[in-house]
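# Per-entry structural report
Read off the chains here:
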Amino acid sequence: MRYQMISNVCFRQQIGVLLIAHHADDQAELFILRLSRGSGVLGLAGTSFASEIFSEDLELDVQQMKNRSILLVRPLLDLWKEDMYKICQWGRQDWVEDPTNLSQLFVRNRIRTSIGNLQSGSFKSELQAVISECRRTRSFVDKVCTDLLKQTVTVTDKGYAVLDLERLNPKEVEDICLSKYLTAVLQFISQRPRPIRGNTSKLLLNYIRAAPCRTSLTAAGCYLSPAPGSKGTKVIVSCFLDSSLPSKTEIVNICFNEARKRPTSDDLGQIISSAKTFSDQNRVFDVQFLDAASESVLSKARELNLVNESTYTTIGLLQRDETNRFITKKEDNKSVDASEDHGTNIASSSGKVHLLPGKDLYFMNRFLIRWDLSNHQCDEACCGKCPVGTATSLEVRHMVESDWLYLVELSRSSNRDHSTSSSHKAIRSLKSIPVAARRSLLVLVNHCGLLLGVPAIGFSYCPCLKASTVFLPRVPLGGGFSSFL
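For clarity, every value in this text was computed on a predicted model and none was experimentally measured. (Residues numbered from 1 in each chain as written. Predicted model: local features only at pLDDT ≥ 70, side-chain atom pairs only at ≥ 80, totals over all residues. Heavy atoms only, no water.)

## Focus: the overall build of the protein chain
Within the protein chain, the secondary structure is distributed over 16 helices and 20 strands. Within the protein chain, the fraction of its 485 residues that count as buried is 46%. Taking contacts inside the protein chain between residues at least 6 apart in sequence as the whole, the part at least 24 apart equals 69%. About 25,900 Å² of surface is accessible on the protein chain, with carbon and sulfur atoms providing 50% of the total. (Helix = DSSP H or I, 4+ residues; strand = E, 2+ residues; numbered from the N terminus. Buried < 20%, exposed > 50% of the residue type's maximum accessible area, 1.4 Å probe, protein only. Contact = heavy atoms within 4.5 Å. Areas by Shrake-Rupley, 256 points an atom, 1.4 Å probe, with all protein chains shown as cover.)

Shown next, in the form of structure tokens:
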């Protein structure tokens, strides 16, 4: 919520880069917190030095046809809070203390107090050394994942992706890298930001490692299936519409002429490009925690002499204390949840969404769709019977099996009208799209349920309809730029 509010201000003020004052104490607290929750080495790497965040609402960069972003940079992560106090005192700069930081009701405050009470002078530096090694591992994994995404993933304009398993060679990829890779693909296709963990992650790893794939799998809001004709060497990842996906829709006003007058994102793109070049030039090798599970990170750190016995014991005590509090809190919440019926805040993807002519609709964080009346008129338009010309709005929904069966039936009609010829072309296009991926295509229907348009495959019921759709994911493949170096 906080970042969303800040980013909204940045987008309004055309701010491309935002500096955040997170420091080393924040990293230390986050490490203990995540360690107590069972996070792996990627989570224990803490907060990134730089990360790209995208608008919750569509902020369209018209020239590049993508959602706008801002770059969060945290330049103070290597400084402790006491260093920042000294800097402010030296510069005679006042600062503000948040009174809620003293409340022991918040887990971060408890951890902060516990760390602050420690007398060991080496504790903080040794803890920072462990975090740094986790960050090195995270940087290595991110780079491997980025390379694999570039080499093995093909994203189509119909909203699905194709994985080339021969190029991927999943049996030779480390578990931690392959899991990050699959998470990136599935989060992109579903536009669901939640991480993929536990049994779901293991299920996906086993599925991909069993290449060539012969079966289908539903996981994390996506449907994975062998690509037709690939003999299981390629896998299609499409959106699974019966899951609890973000079904948010919003009407957006796009004025292409005005948009071009606004400042472009060229400067931000150049900054990110330079940062990527720096990361590539300083690529991390010989990482130590690549195969370390959450429970073994500390033991590995002790073996590498990153921490002494005292620091190892202290971190373990802090971890156990917060783990016990967390387990107790979860048990208390279970009794509350059992007596309450909580509704979901995610609208059903089957809910009806209506679109007025000449308006742009951003559908499920994935597609931008628009329809309007064209300059061409059908024969029925003159007598007021045209289903498009008489429509005040059209319903937007995903394609279902009855839609393509209707197109097949329409293409077999003996009539030589626009709908028949348009359905012929649409069927040819539809045959090139795997069945699993067809269900994520958007269609336009009138109040009677008559299929009037499928913009992605060029179908229109009559020449009066002018419709278009663009695959425009809110967050790009890989989640945007981030750096832990």
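Structure's up, so let's keep going.
## Some thoughts on the pairing of strand E7 (residues 161–164)
Covered by surrounding structure in E7 are Ala161 and Leu163 together with Val162 and Asp164, the residues of both alternating faces. Pairing of strand E6 (residues 153–155) with E7 involves three bridges; the strand directions are antiparallel. Considered in E7, the bridge of Val155 is made with Ala161. Here E6 folds back onto E7 in antiparallel fashion, the turn holding five residues, of which Gly159 has a positive phi close to 95°. By the bridge criterion, four bridges tie E7 to strand E10 (residues 234–239) in an arrangement that is antiparallel. Bridge pairing in E10 links Leu163 to Val235. (Pairing = 2+ DSSP bridges.)

## Comments concerning the side chain of Ser7
With respect to the helices, strands and loops of the structure, Ser7 is situated in helix H1 (residues 2–12). Owing to a relative accessible area of 4%, Ser7 belongs among the buried residues under this scheme. The residues contacting Ser7, other than those within four sequence positions of it, are Ile53 and Ile70.

## Describing the packing of aromatic side chains
In this structure the tally under the stated criterion is three aromatic pairs. Here the aromatic rings of Tyr85 and Trp95 are separated by 5.1 Å at their centres, their planes lie at 50°, and the arrangement is tilted. Here the residue Tyr85 occupies a position in helix H4 (residues 81–90), and Trp95 occupies one in the loop between H4 and helix H5 (107–116), the gap between them amounting to 10 residues. For Tyr85, a relative accessible area of 26% gives the class partly exposed. Ring centres of Phe367 and Phe471 lie 5.3 Å apart, and the angle between their planes is 50°; this geometry places the pair in the tilted category. Placement of Phe367 in strand E14 (residues 367–373) and of Phe471 in strand E19 (residues 465–471) is noted, with a sequence separation of 104 residues between them. Each member of the pair, Phe367 as well as Phe471, carries the same accessibility label: buried. (Phe/Tyr/Trp six-rings, centres within 6.5 Å; stacked < 30°, edge-to-face > 60°.)

## Some thoughts on the sheet that holds E6
Either a parallel or an antiparallel arrangement is found when strands of a sheet pair, and the pairing is made through backbone hydrogen bonds. What the five strands build is an open sheet, ordered E6-E7-E10-E9-E8; its pairing is antiparallel. Strands at the two margins of the open sheet, each flanked by one partner only, are E6 and strand E8 (217–219). Each strand of the sheet is rotated relative to its neighbour by a mean of 20°, with strand direction disregarded. Here five bridges tie strand E9 (residues 222–226) to E10, and the two strands are oriented antiparallel to one another. (Axes fitted to C-alpha atoms, helices over the stretch in contact; angles between N-to-C directions.)

## A look at the environment of Val162
Mapped onto the secondary structure, Val162 falls in strand E7. Residue class for Val162 comes out buried when judged on its relative accessible area of 18%. Apart from residues no more than four positions distant in its own chain, Val162 is found in contact with Thr152, Val153, Thr154, Lys234, Val235 and Ile236.

## Side note on a nonpolar patch on the surface
Residues Val17, Leu19 and Ile271 make up a contiguous nonpolar surface patch of about 250 Å² in total accessible area. With respect to the element layout, Leu19 can be found in strand E1 (residues 17–19). For Leu19, a relative accessible area of 59% translates into the label exposed. (Patch = residues over 30% accessible without salt bridge, like charges linked within 9 Å, V, L, I, M, F, W, Y side chains within 5 Å. Salt bridge = Lys/Arg side-chain N within 4 Å of Asp/Glu carboxyl O.)

## Concerning the packing of helix H14 (residues 401–411) against helix H15 (residues 418–431)
The contact between H14 and H15 brings their axes to 8 Å, and the two run at 130°. Relative to H15, H14 is oriented oblique. H15 is crossed by H14, and the crossing has left-handed handedness. Where H14 approaches H15, its residues Trp404, Leu407, Val408, Leu410 and Ser411 are matched on the opposing element by Ser419, Thr420, Ser423, His424, Ala426, Ile427 and Leu430. Considered class by class, the residues forming the contact of H14 with H15 number seven nonpolar, five polar and no charged. (Parallel < 35°, antiparallel > 145°, perpendicular 65-115°, else oblique. Left-handed = near helix turned anticlockwise from the far one by under 90°. Nonpolar A, V, L, I, M, F, W, Y, C, P; charged D, E, K, R; others polar.)

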